[in-house]
Amino acid sequence: MPPQPLTDVQLAAQDAVNEVRAAAAKWASLPIASRVAKMREACQLILARADELAELATLETHKPLAESYSAEVLGVADLFSYWCDRGPALLAPRKGHVPSLEMPGKKATIERLPRGVIGVISPWNFPVSLPMRTLVPALLAGNGVVLKPSECTPQTGAWLVERLRSALGPIVQMLPGAGEAGAALIEAKPDMIVFTGSTRTGRRVAVACAERGIPCELELGGKDCAVVLEGADLERTAAGVAWGILMNAGQNCSGIERVAVQATIAPAFLPSLVAAMERAAPDVCELVTPMQKELVIGHIRDALARGAKLETGGLPDSGGPLRPTLLTGVPRDAPAWADESFGPTAVLEICETDEDCITAANDTRYGLGASVWCRDLNRARSVADRLRSGMVWINNHSFTGALPDLPWVGVGESGTGVTNSPEALMHLTRPRLVVVDSTSAIEPWWYPYGTAMIDLMRTLVARQQSGGLGALLGTLSALKKRNRELAGKG
Ligand code: NAD
């Protein structure tokens, strides 16, 4: 088949990647102190108009202004100051170990180099904090970034890129559009993709990246479970679990969507949780997309059809907003238990023992966050240790997403990526090994091979089994014989 002409969005993606690649080469060559200074300037430009940013996030996502400040804007200053303070040490070259007896005169250095152009593909639920948690460390490390924000929140994405470009120049570029723009960005072959979004799209992104040999980080969906044990502070736990279910109207990858509560406390806990959810209702916003709302309604409807009991909320009135909803008696194969709902709903299961709670919590293909609620911290910790999740909080849930030192990470179908924390910086850079050899001798492992070479290798293997002076002297003697062999005197 003859090659197809590129579409407008494919051309735009290529232009963006090329422009950023050219600018990033200069940016990467700046001393780290200059990059830090520029990044601090960018932070000031953003913070000077923080109110505008919070209002824009609320406009595009409907989230309460309080949440735009607490979950989006507030973290920006922390992100910049953390990476500007810690980045230079984390990016500094380190010396590598080379054994001095067998390989004398060699110095190894491991440098951390930027990857080049990083394509960041973002969802709509946190249009500031999600892209920024990658943009800030990626740029500081000397990369350029092409940001493809969600088609539902293009203005917030454009606003951020405009401020960053004012301070940093064309090392950041935005590519607007929906899924085809994300696909075009991958086709334009940036040096890495950091994708945050649904598990379904994440799989397609992983395949597209693999076909082009592009490394990718995937931060995907979740189905977090809160485990509530005997000995939990019931009022505080109800308030915390209600927030975990309803924050951002449940459009939170680590929102609580399942609750496993121990039978002995269920009669007291369930009404407390229902009351806390009902109290929160005025602060729960409408979902961002009608499609998402339909999916959540489908989960509730299906659970009810399978005999689940509605503890609060339920199907919305025609055209009305989704209400905070809690269901009990939901079978484990129902979508409301098994699939990500991403709305202000949760299912609650009553379990007898700690073991039953663990089994319920781990009964998911996802593995982003989980929490254990109990005043006995030893007991909570031993349950937490057996939960299969990238993050586990004890007596709290999910509040760490904007803390730059703490990794945000999942297992299973929640993805293979890590954002925030020094671990994320390691992924946004590549190690480069530089070795300098200042010796002039022919190496004992070079040609020609001979019997002394084999003896030397045997001596080295034996030395790995038993160290000590005898082994050292044996190695020195074997090396000497091998050098004589290489010199043709063996
Ligand atoms: P989505 O997967 O529909 O879209 C995410 C992004 O991918 C959007 O920018 C979209 O335009 C783009 N996209 C769509 N098709 C694409 C393709 N073929 N190639 C490349 N890009 C493509 O997700 P969403 O509905 O915007 O966001 C909600 C999902 O994000 C939920 O599943 C939620 O759990 C997840 N999420 C995960 C995290 C995390 O850190 N693990 C954080 C926030 C949201």
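Everything that follows concerns the structure shown earlier in this document.
Summarised in this report is the structure supplied together with it. (Residues numbered from 1 in each chain as written. Predicted model: local features only at pLDDT ≥ 70, side-chain atom pairs only at ≥ 80, totals over all residues. Heavy atoms only, no water.)

**Focus: the nonpolar core**
Using the following cut-off: Residues belong to a common nonpolar core when they are buried Ala, Val, Leu, Ile, Met, Phe, Trp, Tyr or Cys residues joined through side-chain atoms within 4.5 Å. Each residue is assigned to one of three classes by its accessible area relative to the maximum for its type, calculated with a 1.4 Å probe on protein chains only: buried under 20%, partly exposed between the two thresholds, exposed over 50%.
In this structure, Met39, Ile46, Phe80, Met132, Leu164 and Leu168 are the most contacted members of the largest nonpolar core, which totals 46 residues. Ranked by size, the runner-up nonpolar core spans 31 residues in total, among them Ala226, Leu246, Val284 and Leu326.

**Quick notes on the site of the ligand**
Operational definition: Here a residue is considered near a molecule or strand provided that any single heavy atom belonging to it is located within 4 Å of it. Any pair of nitrogen or oxygen atoms within 3.5 Å is treated as a polar contact; in protein, a donor-acceptor pairing is required on top of that, and neighbouring residues in sequence qualify only through side-chain atoms on both sides. Residue-level accessible areas treat just the shown protein chains as cover; the underlying method is Shrake-Rupley with a 1.4 Å probe. Secondary structure follows DSSP: runs of H or I at least 4 residues long count as helices, runs of E at least 2 residues long count as strands, and numbering of each begins at the N terminus. Classification convention: Asp, Glu, Lys, Arg as charged; Ala, Val, Leu, Ile, Met, Phe, Trp, Tyr, Cys, Pro as nonpolar; all other residues, Gly among them, as polar.
Around the ligand, the surrounding shell holds 31 residues, and the nearest of these are Ser122, Lys148, Glu151, Ser198 and Glu340. Threonine 201 places a side-chain nitrogen or oxygen 2.8 Å from an oxygen atom of the ligand. Interatomic distance of 2.5 Å between a side-chain N/O atom of glutamate 340 and an oxygen atom of the ligand. Protein chains bury 90% of the 860 Å² of accessible surface belonging to the ligand in isolation. Listing elements by their share of the shell around the ligand, those giving two or more residues are helix H5 (129-140), helix H7 (179-187), strand S6 (192-196) and helix H8 (199-212). Residues belonging to the shell around the ligand are distributed by class as follows: 14 nonpolar, 11 polar and 6 charged.

**Section: the pattern of salt bridges**
Quick note on the threshold: When a carboxyl oxygen of Asp or Glu lies within 4 Å of a side-chain nitrogen of Lys or Arg, that pair is called a salt bridge.
As enumerated under the stated definition, the model contains 28 salt bridges in all. With a closest N to O distance of 2.8 Å, lysine 106 and glutamate 443 form a salt bridge. Taken together, the residues lysine 106 in strand S2 (residues 106-114) and glutamate 443 in the loop between strand S17 (429-437) and helix H16 (451-465) connect sequence positions 337 residues apart. On the accessibility criterion, lysine 106 (15% relative accessible area) is buried. One network of salt bridges, in which partners are shared, links Arg203, Asp339, Arg365 and Glu413.

**Some words on the sheet that holds S6**
This is how it is decided: By the convention used here, strands pair only if DSSP detects at least 2 bridges between them. The axes are straight lines fitted to the C-alpha atoms, using for helices just the contacting stretch, and the angles between their N-to-C directions are given from 0 to 180°. Note on contacts: a residue pair is in contact if any heavy atoms of the two residues lie within 4.5 Å.
Here 5 strands make up an open sheet; going across it, the order is S5-S4-S3-S6-S7 and the pairing parallel. Every interior strand has two partners, whereas the edge strands, strand S5 (172-174) and strand S7 (216-219), have only one. For this sheet, the mean inter-axis angle between neighbouring strands, taken without regard to orientation, is 15 degrees. Sheet topology places S6 next to S7; 4 bridges connect them, and they run parallel. Residue pairing across strands places isoleucine 193 opposite cysteine 216, the latter belonging to S7. Here helix H1 (residues 8-29) sits on the sheet and contacts strand S3 (117-121), strand S4 (144-148) and S5; the angle it forms with S4, its principal contact strand, is near 155 degrees.

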